[in-house]
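What follows is the residue order along each chain.
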Amino acid sequence: MKEICIVEFPSNLGLKEPQPGKEPGVKNLPDWLWKHHLHKLIRPKNSIRLDPPKYSNKRDPETQILNSTSLIDYAREQAYLLNNILSQNKFPFILGGDCSILLGTAIALKQKGNYGLFYLDGHTDFMDIALSETGGVGGMAASIVTGNGTEKLTNILNLRPYIKEENLWCVGNREYDDAYENEIRNSSATYLSLDHLRNQGIQKSVQLFLSEIENKNLDGFWLHIDVDVLNDTIMPCVDSRTPDGLTYAEFNELTSMLFQSNLLTGLEITILDPDLDPTGQYTKEFVNHFSTTFNQHIYLGS
């Protein structure tokens, strides 16, 4: 059986300042989830933390991206750490941070083999810097790890692409804008907006994804969870709020199917900002739903 290893990447390097002089609060997410007993409920064998470089809200003149050099340095350290965990046949359970933590994860996966990515997010995060208003990698993560964008970030350690574009499934977007959605529509990734997911059905959608991973004979798949995929009424403590989103019934149904697959290699949770949930009411509900579903359905056979 694989051991669960909680890995904390408390990074906010991929987000803009919510207001001048104030850092995004997602860097406090691992400690916040610990306070609300997620670590205790998941029961990992061990827990590891890798602190990021210092945050800056200044764009790199070359790439126009926030914290680009720091993100590269951090991604290399993340990949080294995760490579060791995966080599020991352990299950990395990553707590972010913003979505830019995916860079280090994707590099480690590329170093280990050929993996799929199930990108569960209320946004596609699949766009070029030309469309980005913030310059934050958090909004471009899925695009960058599949080899799109500046060479500086897409080809770290000469491993471009970290995830093949055709092995990306982007699921749950509800930012309905043609210019935004066309970026992923015109790619070779599979795109299931929230409307498409509901129309096709969660069970059928996940089954199609798992069948594709098996048919392509991939080494496994990674699950990226941005909590803003959840309905805004039950998860408003995120940096980019959008009406609608998955209910907990839908979210639990979807994740339970993924947790039961022996091809799930690891997962990451991102974006919940403790500063935006001062009483912890939304965090408590999330921890309860997630830990219950995970513990009931996770398959960790070797």
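Residues numbered from 1 in each chain as written. Predicted model: local features only at pLDDT ≥ 70, side-chain atom pairs only at ≥ 80, totals over all residues. Heavy atoms only, no water.

Student: Honestly, the overall build of the protein chain in this entry has me stumped. Any pointers?
Tutor: The helix and strand inventory of the protein chain stands at 11 helices and 8 strands. Here the C-alpha radius of gyration of the protein chain, 17 Å, is about what a compact globule of 302 residues would show, namely 19 Å. Structurally, the protein chain occupies a C-alpha span of about 45 × 45 × 40 Å along its principal axes. When each of the 302 residues of the protein chain is scored for burial, the buried share is 59%. Across the protein chain, the fraction of contacts at a sequence separation of at least 24, relative to all contacts at a separation of at least 6, is 74%. A total accessible area of about 12200 Å² is found for the protein chain, and carbon and sulfur atoms account for 45% of it. Of the side chains in the protein chain, 26 bear a positive and 39 a negative charge, and the two mean positions are spaced by 6 Å. (Helix = DSSP H or I, 4+ residues; strand = E, 2+ residues; numbered from the N terminus. Rg over C-alpha atoms; globule rule 2.2 N^0.38 Å. Buried < 20%, exposed > 50% of the residue type's maximum accessible area, 1.4 Å probe, protein only. Contact = heavy atoms within 4.5 Å. Areas by Shrake-Rupley, 256 points an atom, 1.4 Å probe, with all protein chains shown as cover. Lys, Arg positive; Asp, Glu negative; His and termini not counted. Charge placed at Lys NZ, Arg CZ, Asp CG, Glu CD.)

Student: Please clarify how helix 11 (residues 281–297) should be interpreted in this entry.
Tutor: Each turn of an α-helix holds 3.6 residues, which means side chains three or four residues apart point in the same direction. The end-to-end C-alpha distance of helix 11 is 25 Å, a good match for the 24 Å that 17 residues give at a rise of 1.5 Å each. If you check which residues of helix 11 are buried, you get Thr-283, Phe-286, Val-287, Phe-290, Ser-291, Thr-293 and Phe-294. The buried residues of helix 11 all sit within an arc of 170 degrees when viewed along its axis, so they share a single face. (Expected span 1.5 Å × (residues − 1). Arc of directions from axis to C-beta.)

Student: Looking at this structure, I do not really get the nonpolar core. What am I missing?
Tutor: Across soluble globular proteins, nonpolar side chains have a tendency to be buried as a group. Counting residues in hydrophobic clusters, the biggest one holds 101 residues, and the most contacted among them are Phe-93, Phe-118, Phe-251, Phe-286 and Phe-290. If you tally residues by element for this core, the top one is helix 3 (residues 68–87), at 9 residues. The residues touching Phe-118, leaving out its near neighbours within four places in the chain, are Trp-169, Val-171, Phe-209, Phe-221, Trp-222, Leu-223, His-224, Leu-254 and Leu-258. (Core = buried A, V, L, I, M, F, W, Y, C linked by side-chain atoms within 4.5 Å.)

Student: Help me understand the pairing of strand 8 (residues 264–270), please; the structure alone is not making it clear to me.
Tutor: Looking along a regular strand, one sees side chains alternate from face to face of the sheet. Where burial is concerned, most of strand 8 is hidden: 7 out of the 7 residues are buried. Relative to strand 8, strand 3 (residues 91–95) runs parallel, the two being bridged by 3 bridges. Among the inter-strand pairings, Leu-95 is bridged to a residue of strand 8, identified as Ile-269. Pairing analysis gives 6 bridges linking strand 7 (residues 220–226) to strand 8, with the strands arranged parallel. (Pairing = 2+ DSSP bridges.)

Student: I would appreciate a short explanation of the sheet that holds strand 2 (residues 46–49) in the present structure.
Tutor: Hydrogen bonds between backbone groups are what pair the strands of a sheet, and the pairing can be parallel or antiparallel. In space, the 8 strands of this open sheet follow the order 2-1-3-8-7-4-5-6, with parallel pairing throughout. In this open sheet, the two edge strands, each paired with only one partner strand, are strand 2 and strand 6 (190–192). Pairs of neighbouring strands in the sheet enclose a mean axial angle of 15 degrees, with direction left out of account. The pairing of strand 1 (residues 4–8) with strand 3 spans 5 bridges and is parallel. If you follow Glu-8 over to strand 3, its bridge partner there is Leu-95. Against the sheet, helix 4 (residues 102–112) engages strand 3, strand 4 (115–120), strand 7 and strand 8, with an angle of about 160 degrees to strand 4. (Axes fitted to C-alpha atoms, helices over the stretch in contact; angles between N-to-C directions.)

Student: Got a minute to help me understand the environment of Met-235 in this structure?
Tutor: Examined against the element boundaries, Met-235 turns out to sit in the loop between strand 7 and helix 10 (248–259). Residues Met-235 and Gly-245, 10 residues apart in the sequence, show an inter-C-alpha distance of 9.1 Å. When residues no more than four places from it in sequence are discounted, the contact partners of Met-235 are Val-227, Leu-230, Tyr-248, Leu-272, Tyr-282 and Phe-286.

Student: Where do I start with the packing of aromatic side chains in this structure?
Tutor: A ring pair, where both rings are aromatic, is described by two values, the distance of the centres and the angle of the planes. Using the criterion set out here, one finds 14 aromatic pairs in the structure. For the ring pair Phe-9 and Tyr-74, a centre distance of 6.0 Å and an interplane angle of 75 degrees mean the geometry is edge-to-face. Linking Phe-9 in the loop between strand 1 and helix 1 (29–35) with Tyr-74 in helix 3, this pair joins segments that are 65 residues apart in sequence. The exposure class of Tyr-74 is buried, given its relative accessible area of 1%. When the ring of Phe-259 is compared with that of Phe-290, the centres are 5.6 Å apart and the planes differ by 80 degrees; the resulting orientation is edge-to-face. With a gap of 31 residues between them, Phe-259 in helix 10 and Phe-290 in helix 11 connect regions that are remote in the sequence. Taken together through their ring pairs, the aromatic side chains of Phe-91, Phe-93, Tyr-248, Phe-251, Phe-259, Phe-286, Phe-290 and Phe-294 make up a single cluster. (Phe/Tyr/Trp six-rings, centres within 6.5 Å; stacked < 30°, edge-to-face > 60°.)

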